[in-house]
Amino acid sequence: MHAPLALLLAATLDVQTHTLANGMKILVHEDHDIPNVAMYLFYRIGSRNERPGTTGLSHFFEHMMFNGAKKYGPKQFDVQMEKNGGRNNAYTTRDITAYTDWFPRTMLELMFDLEADRIRDLGFDPKMIESERGVVYSERRSSVENSNAGLLYEQLIAATYTAHPYGWPVVGWSSDIESWTLDDLQTHFRMGYAPNNCVLVVAGDVTAAEILALAKKYFEPLPRQPPPSPVRTREPEQTGERRVVIRKPAQLPLLMVSYHVPASSHADYETLRVLGNLLSEGRSSRLYRRLVDRDQLAIQAGSSLDHSLDPGEIIVNIQPRSGVDLARLEKALFEEIDGLASSPVSPDELQKAKNQLLTALYRDWKTIAGKADLLGRYEVFFGDYRKLFAAEKDLEQVTAGGIQRVARQYLHDRNRTIATLIPEAAR
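Residues numbered from 1 in each chain as written. Predicted model: local features only at pLDDT ≥ 70, side-chain atom pairs only at ≥ 80, totals over all residues. Heavy atoms only, no water.

1. Focus: helix H5 (residues 148–160)
So, step 1. Between the first and last C-alpha of H5 there are 18 Å, a value that for 13 residues agrees with the 18 Å anticipated at 1.5 Å per step.
So, step 2. Next to the buried residues of H5 lie helix H4 (126–145), strand E7 (242–248), strand E8 (254–261), strand E10 (312–320) and strand E11 (416–423). (Helix = DSSP H or I, 4+ residues; strand = E, 2+ residues; numbered from the N terminus. Expected span 1.5 Å × (residues − 1). Contact = heavy atoms within 4.5 Å.)

2. Let's talk about the environment of Arg-51
So, step 1. Along the chain, Arg-51 falls in the loop between strand E3 (36–43) and helix H1 (57–64).
So, step 2. By relative accessible area, Arg-51 is classed as partly exposed at 45%.
So, step 3. Separated by 190 residues in sequence, Arg-51 and Glu-241 place their C-alpha atoms 27 Å apart.
So, step 4. When residues no more than four places from it in sequence are discounted, the contact partners of Arg-51 are Trp-168 and Asp-184.
So, step 5. Within the structure, Arg-51 has its side chain in polar contact with the side chain of Asp-184 (distance 3.3 Å). (Buried < 20%, exposed > 50% of the residue type's maximum accessible area, 1.4 Å probe, protein only. Polar contact = N/O pair within 3.5 Å; in protein donor to acceptor, adjacent residues only side chain to side chain.)

3. A look at unusual backbone geometry
So, step 1. Unlike most non-glycine residues, Lys-75 shows phi in positive territory, near 70 degrees.
So, step 2. What makes Lys-75 partly exposed here is its relative accessible area of 43%.
So, step 3. One non-glycine residue, Gln-296, lies in the positive phi region at around 55 degrees.
So, step 4. Along the chain, the position of Gln-296 falls in the loop between helix H10 (286–294) and strand E9 (298–305).

4. Details of the domain arrangement of the protein chain
So, step 1. One can read the domain layout of the protein chain as domain 1 (15–218) and domain 2 (242–424).
So, step 2. Taking only C-alpha atoms, the centre of domain 1 and the centre of domain 2 are 28 Å apart.
So, step 3. For the domain 1 and domain 2 pair, buried surface summed over both sides reaches about 3,200 Å², with 68% attributable to carbon and sulfur atoms.
So, step 4. A per-residue breakdown of the area domain 1 buries against domain 2 is headed by Asn-148, Leu-152 and Leu-156, which together make up 20% of the total.
So, step 5. Inspection of the domain 1/domain 2 interface yields four salt bridges. (Domains from an automatic or database assignment. Buried area = accessible area lost by both parts, 1.4 Å probe. Salt bridge = Lys/Arg side-chain N within 4 Å of Asp/Glu carboxyl O.)

5. Observations concerning the nonpolar core
So, step 1. The biggest cluster of nonpolar side chains holds 69 residues, and the ones touching the most others in it are Val-274, Leu-275, Leu-291, Ile-318, Leu-333, Leu-375 and Ile-403.
So, step 2. Considering every element that reaches this core, the biggest residue donor is helix H11 (residues 326–342), with eight residues.
So, step 3. If near-sequence neighbours (up to four positions away) are discounted, Ile-318 is found in contact with Leu-254, Leu-255, Leu-287, Leu-291, Ala-298, Gln-300, Ala-301, Leu-329 and Leu-333.
So, step 4. Listed in part, the 67 residues of the second largest apolar core include Phe-61, Phe-66, Phe-112 and Phe-189. (Core = buried A, V, L, I, M, F, W, Y, C linked by side-chain atoms within 4.5 Å.)

What follows is the structure, given as structure tokens:
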């Protein structure tokens, strides 16, 4: 039997908040267990804020932000961090671009200076732009054009969305990467990297007072800018199954299926997360037991449901075994999905899925980096970081009846897009 995990998140984190005069929102959580700091900057700019002809710009700036500004020149951001015992990373999604810094508290003021420098005075050297354009194009070739899974995923998403900008790739279309202009870059940077378009989260061995003082010194002088235009396009309701077939040299076929689902802020989001775990998390999940273990149709079966500001999708991805009849595999897959709609899950199976999700939440809760990421994501995607403190309660309120309801509402044939990669001999 799977017993409920103890309520470990009942006590909320102590978070101090402040909004600077230029609109930058700051969240500070003090944690003095170790003399380290996690500083995360969430910019509300992603591929959904681009347009045909400029796709991929948000991801491009994830690269450019490390290529030098007025005070700290090319590559100096990384050099200064490494010299002082810090490290960093960044990522771009359809909705946000996030910059993650981890460092000892001794470099706290330097970190503010480094970040302010590249927001205020990022370099737009033509040679550096062309060099980075080549890097991004190479990344697209390796992650999409030369990757069977990457290529199939890109085509699946393009077919899933007929109107909404979620349909184009975060890395950008090849022709757009080749043709961005300097004006395109400067316009995108100005609206995306404005302080009023940023949430700053600092967690670790700091005080709220010193963070606010440093923010006022380094970030408050940055001018407010007009924010990205609202994304007005809404994806029309899908009214029939869509299919994408790719034929290319490959060792094994691939199968991916997407279903339209609501945005992360929707009341059904938590139930959909549990449903995803029931389907594919671990060897006791429904898809593993049926497709991998019992029927021997697949090598791997997974699913994903990302955070999204607008209605998104849940994706099921299957790696079939060699020689498997794909029609038979699809039949077994959809039988398992339909089973979640037709029959209630057992209390034990439901609790197992909840425990898995709670365990992942507890794991993030234990580190300053995890807490900084959680606070920022809840602030951006759910509209208020304090909703994090209700996450455990929200999860516990998911019922077997709720799983059935969302399976019927969203995981049906008229709402799905199927993408298949079929191997063929090299020419």
